[in-house]
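Survey of secondary and tertiary structure
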Amino acid sequence: MLIDSHCHLDRLDLKPYDGQLQPVIEKAQQQGVERFLCVGTDLARWPSMVELVDCYPQVLLSVGVHPLSDEIDDFNPNTLHAIADHPKLVAIGETGLDYHYAPDNAQAQQHAFAQHLEIAGQLNKPVIVHTRAAQQDTLRILAGGLSEAGGVLHCFTETWEMAEQALSLGMYISFSGIITFNNAADLREVVRRVPLDRILVETDAPYLTPAPHRGRSNEPCYVREVAEAVAKIKGVTLAEVARVTSDNFNRLFATN
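My aim in this report is to walk through the structure given alongside it, one point at a time. Since this is a predicted model, take the numbers as computed values, not measurements.

As for its position among the elements, Arg-251 is in helix α9 (residues 238-252). Judged by its relative accessible area of 46%, Arg-251 is partly exposed. When the C-alpha positions of Arg-251 and Cys-7 are compared, they lie 19 Å apart, and in sequence the two are 244 residues distant. Of note is the side chain of Arg-251, whose polar atom sits 2.7 Å from the side chain of Asn-248.

Right, here's the structure in full:
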């Protein structure tokens, strides 16, 4: 069984499927993908996201405010805390820092990130962390606020040195279709060095479609290509990657 540990099902283009999510789920299941974590990126979209996926028992939820969200400047932790009691919610986030696209908003991002970590600790939930071009501040804030529930650096694209420090804090590292890109040799070396029992696989759908499907909108079915890439890098079977990454997911997010 494969698990897509990070996708945005509410942002998929469902026009090819007559506006229905069911064919997307079935298409993924045909590739061995049995569970999905649908990740929230702002609070305004939360009700519609829940409405879309709530009837699917294989879809779990997280909620947070992405560092590039329009909501970041006015982030209200009380609002997040109030909606984080959904029975299918297993994590807080997506949260974190992005200085690549929004370096001028670093202070607001840091403040919101720290508040997400505080809420995660109060609820005993892991955090899903976005980080880009913000290694030192991400690690500093995690070191000061990460709870025992831990978390994951999702769609990891940074250095082995950052991964190593995150691992020492108890974090998991999630890899996306980027590891299949021709220009991702350095990132594949990070995959090689991260222990398999600390790795998750994801699509980040509808973004970052893996090879050989570049040019198409990404979907959860393509997490198989990510897992196959991890297997090749690690020199193990796809079945082993599926088993271990699923175990990792269930351990981190306290699911069966």
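This paragraph deals with the packing of aromatic side chains. A full pass over the atoms with the stated rule returns two aromatic pairs. With a centroid separation of 6.3 Å and 85 degrees between ring planes, the pair formed by Phe-156 and Phe-175 is classed as edge-to-face. With Phe-156 in the loop between β6 (151-153) and α6 (160-168) and Phe-175 in strand β7 (residues 172-175), this residue pair connects regions lying 19 residues apart in the sequence. Note on accessibility: Phe-156 and Phe-175 belong to one class, buried. With centroids separated by 4.7 Å and ring planes inclined at 55 degrees, the aromatic side chains of Phe-249 and Phe-253 adopt a geometry described as tilted. When sorted by exposure, Phe-249 lands in the same class as Phe-253, which is buried. Above the plane of the ring of Tyr-172 lies Arg-198, whose end atom (NZ or CZ) is 5.6 Å from the centre.

Conventions we followed
Sequence order sets the numbering: in each chain, residues are counted from 1 along the sequence as written. Reporting of local features is limited, given that this is a predicted model, to residues whose pLDDT is at least 70; pairs of side-chain atoms are given and counted only at 80 or more, and all residues count toward the totals for whole chains, interfaces and linings. As a convention, hydrogens and water are excluded, and side-chain values are obtained from all of the structure's heavy atoms. Put simply, DSSP H or I for four residues or longer makes a helix, DSSP E for two residues or longer makes a strand, and each gets a number counted from the N terminus. Note on exposure labels: buried denotes an accessible area under 20% of the residue type's maximum, exposed denotes more than 50%, and partly exposed covers the range between, all computed with a 1.4 Å probe on protein chains only. Think of a polar contact as two N or O atoms within 3.5 Å of one another; within protein, one of them needs to be a possible hydrogen donor and the other a possible acceptor, and neighboring residues in sequence only count if both atoms come from side chains. Pairing of aromatic rings covers Phe, Tyr and the six-membered ring of Trp, with a centre-to-centre limit of 6.5 Å; geometry is then stacked below 30 degrees between planes, edge-to-face above 60, and tilted otherwise. Placement of a positive charge over a ring is assigned whenever Lys NZ or Arg CZ falls within 6 Å of the ring centre and within 35 degrees of the normal to the ring plane.

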